[in-house]
Amino acid sequence: MLTAEQNEQLTQVEAGTPMGEVLRRYWYPVAFTRELEEFPVKRVELLGEFFALWKSPSGRYGIVPEACPHRKASLAYGVVEADGIRCPYHGWVFDADGACTSQPAERDNTQFQDRVKAHAGKVEEMGGLIWAYVGPHSADEPAPLLPRFDTFVMDGFRDIGWVDLPCNYVQIMENAVDPHHVEFLHGRYFEFVGRHEGFTAPASFGKEHVKIGFTAFEWGIIKRRVLKGATEEDDDWKVGHPLVFPYNMRVGGGGIHQMQIRVPVNRTTTRFMLYTVHSPDGYEHVDQPQVPDYELPLFDDKGRHVTNYVEGQDMMAWVTQGPITDRTTEHLGRSDIGVAMLRKMFREQMDVVARGEDPLGTIREEHERIDLPCEKDKFHAGGGAQFALDFCDMGSTRFSPVLDTIKKIHISAADSIAAEKAAARDAAQAG
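Residues numbered from 1 in each chain as written. Predicted model: local features only at pLDDT ≥ 70, side-chain atom pairs only at ≥ 80, totals over all residues. Heavy atoms only, no water.

1. Focus on the packing of helix α7 (residues 181–197) against helix α9 (residues 310–319)
- Where α7 contacts α9, the axes come no closer than 10 Å and their chain directions differ by 115 degrees. Taken as axis vectors, α7 and α9 run roughly perpendicular relative to one another. Judged by the twist between their axes, the crossing of α7 over α9 is right-handed. Listed contacts from α9 to His181, Leu185, His186, Tyr189 and Phe190 of α7 are Val310, Gln313, Asp314, Met316 and Ala317.
- Of the residues belonging to the contact of α7 with α9, the class tally is 6 nonpolar, 3 polar and 1 charged. (Axes fitted to C-alpha atoms, helices over the stretch in contact; angles between N-to-C directions. Helix = DSSP H or I, 4+ residues; strand = E, 2+ residues; numbered from the N terminus. Parallel < 35°, antiparallel > 145°, perpendicular 65-115°, else oblique. Left-handed = near helix turned anticlockwise from the far one by under 90°. Contact = heavy atoms within 4.5 Å. Nonpolar A, V, L, I, M, F, W, Y, C, P; charged D, E, K, R; others polar.)

2. A look at the pattern of salt bridges
- Taken as a whole, this structure holds 21 salt bridges when the rule is applied.
- A salt bridge links Arg267 to Glu8; the shortest N-O distance between them is 3.1 Å. Highlighted residues: Arg267 in the loop between β16 (256–266) and β17 (269–278) and Glu8 in helix α1 (residues 4–11), separated in sequence by 259 residues.
- The class for Glu8 is partly exposed, based on a relative accessible area of 38%.
- Between Asp358 and Arg364 there is a salt bridge, and its shortest N-O distance comes to 2.7 Å.
- Taken together, the shared-partner salt bridges in this structure form one network comprising Glu174, Arg327, Glu330 and Arg343. (Salt bridge = Lys/Arg side-chain N within 4 Å of Asp/Glu carboxyl O. Buried < 20%, exposed > 50% of the residue type's maximum accessible area, 1.4 Å probe, protein only.)

3. Topic: the state of the cysteines
- Applying the stated criterion to the full structure yields 0 disulfides.
- The cysteine Cys100 is free of any disulfide, with Cys68 supplying the nearest cysteine sulfur at 7.6 Å.
- For Cys100, a relative accessible area of 6% gives the class buried. (Disulfide = S-S within 2.5 Å.)

4. Concerning helix α12 (residues 403–430)
- Compared with an ideal rise of 1.5 Å per residue, which puts 28 residues at 40 Å, α12 spans 41 Å between its outermost C-alpha atoms and is within 8% of the ideal.
- Where α12 is concerned, the buried positions are Leu403, Ile406, Ile409, His410 and Ala413.
- Looking at the buried residues of α12, the elements they touch are β11 (157–165), β16, β17 and α11 (386–394). (Expected span 1.5 Å × (residues − 1).)

5. Some words on α1
- Of all the positions in α1, only Asn7, Leu10 and Thr11 are classed as buried. Around the axis of α1, the buried residues are gathered within 85 degrees of arc, so they sit on the same side.
- For α1, the secondary structure elements touched by its buried residues are α2 (18–23), α6 (169–175) and α10 (337–354). (Arc of directions from axis to C-beta.)

6. Some details on the sheet that holds strand β9 (residues 122–126)
- Within the open sheet, the 3 strands sit side by side as β1-β10-β9. Their pairing is antiparallel. The open sheet terminates on both sides in strands that have one partner only, identified here as β1 (28–32) and β9. In this sheet, adjacent strand axes meet at a mean angle of 35 degrees when their direction is disregarded.
- As paired strands, β1 and strand β10 (residues 129–133) are joined by 4 bridges and run antiparallel to one another. Pairing of Ala31 across the sheet is with Ile130, part of β10. (Pairing = 2+ DSSP bridges.)

7. Quick word on the pairing of β11
- Counting buried residues along β11, 8 of its 9 residues qualify, which places the element largely inside the surrounding structure.
- Pairing analysis gives 9 bridges linking β11 to β17, with the strands arranged antiparallel. Pairing of Gly161 across the sheet is with Leu274, part of β17.

8. Describing the packing of α11 against α12
- One way to put it is that α11 packs onto α12 with a least axis distance of 9 Å and a crossing angle of 170 degrees. When the interaxial angle is binned, α11 and α12 end up roughly antiparallel. From α11, Ala388, Leu389, Cys392 and Asp393 reach across to α12, where they touch Leu403, Ile406, Lys407, His410 and Ile411.
- The residue makeup of the contact of α11 with α12, split by class, is 6 nonpolar, 1 polar and 2 charged.

9. As for the nonpolar core
- One finds Leu53, Leu129, Phe152, Phe245, Ile261 and Phe346 to be the most contacted residues of the largest nonpolar core, which totals 69 residues.
- Among the elements that line this core, the one with the most residues is α10, at 6 residues.
- Those residues in contact with Phe245 that lie beyond four places of it in its chain are Val22, Tyr26, Trp219, Gly220, Leu342, Met345, Phe346, Gln349 and Leu360.
- In terms of nonpolar packing, the next biggest core, distinct from the first, is built from 17 residues, Trp54, Ala73, Ala76 and Val116 among them. (Core = buried A, V, L, I, M, F, W, Y, C linked by side-chain atoms within 4.5 Å.)

The structure is reproduced here in structure tokens:
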């Protein structure tokens with residue numbers, strides 16, 4: 001249970017607040033790559049602020065606050081030019097570093113031009129997404145580097161599901177350190193919905209939890225579980241999967257690699273993204289010129305939550321807590337130790353940033369790829385393609401525009417591995 005003041009502090013995202021300053025030390029996906037290829041400028045909201053995001057003809061990206069420093073007209077309606085974005089109102093131009101490079105009606109006043117500057121962020125493209133950093137940085141104290149987590153740079157076939165949720169991101173992140181909800185929300189509740197809608201829920205989700213555990217590590221918290229019939233030697237405990245502080249969760253299993261992204265758009269809106277890579281053993285590369293994205297259903301035509309798929313059940317649980325969960329009246333038990341650990345981590349990082357230091361998981365070393373620990377045999381479900389096919393049919397991937405291709409990839413890979421094993425057995429017997 002938190003006090004009202006503690007809950008207020010924990011859930012803030014605005015500049016100048018302790019948690020808002022922590023959040024501004026990280027990179028966030030703010031658009032799909034295809035969006036700026038379709039039209040080169042876009043208005044985006046992040047951490048309670050609006051920005052103009054653009055891509056120049058040369059391929060360079062930029063992001064600045066939406067309001068032009070001149071007379072506050074929207075730069076999101078600006079003209080994208082070779083060296084930056086031109087305000088539609090009076091034609092002032094700002095480059096990707098925020099410098100004002102042109103003031104058409106002030107041609108003789110160069111000192112005035114030099115005094116005007118927009119607080120530009122940093123922008124990069126990675127894995128079909130446009131990423132932005134809008135926190136503090138300077139020549140003397142540069143921005144941290146964009147972490148190249150494995151999911152975003154590995155080989156495989158991709159798609160991205162997304163939806164904007166009317167709730168604070170913290171109640172979503174608390175779900176990431178709550179293993180027990182799986183056997184009830186995705187197990188017992190899923191079976192209940194299935195009985196009434198005429199389908200069979202995946203059996204692996206309903207397995208009883210015997211033991212749970214959490215380990216702090218350099219990127220956040222690793223979540224572990226032992227399910228009934230399994231041991232601590234199984235992937236769910238021995239490897240686990242991580243909450244990547246402060247807004248991601250890495251999951252996997254059956255040749256599926258996924259980063260669940262929870263972008264704090266503002267205090268009561270979170271963009272939930274499921275960035276999924278299908279790369280099973282036996283996978284043969286499939287060309288993919290553009291990563292497809294698709295919107296997930298949140299409500300049906302009657303205004304009820306859609307709960308006949310895994311992520312729909314999660315979203316129901318998050319959103320029905322209200323725009324901001326009232327943690328002053330909750331009752332945490334022993335099964336909530338991961339939630340308590342995460343809240344402590346948030347508080348610790350507020351103190352770290354207040355001291356002028358880098359918070360957990362910011363990176364300043366050049367790198368090609370960061371591999372995160374993540375289970376492969378999830379829920380002790382065994383090998384083969386069945387877990388992946390259940391994932392496709394009973395999770396968000398059922399709505400993907402490339403669902404048929406994804407299924408074929410997993411079936412073909414499983415057939416390829418089976419053929420290799422059969423050939424090896426035949427060769428051993430012949431020898």
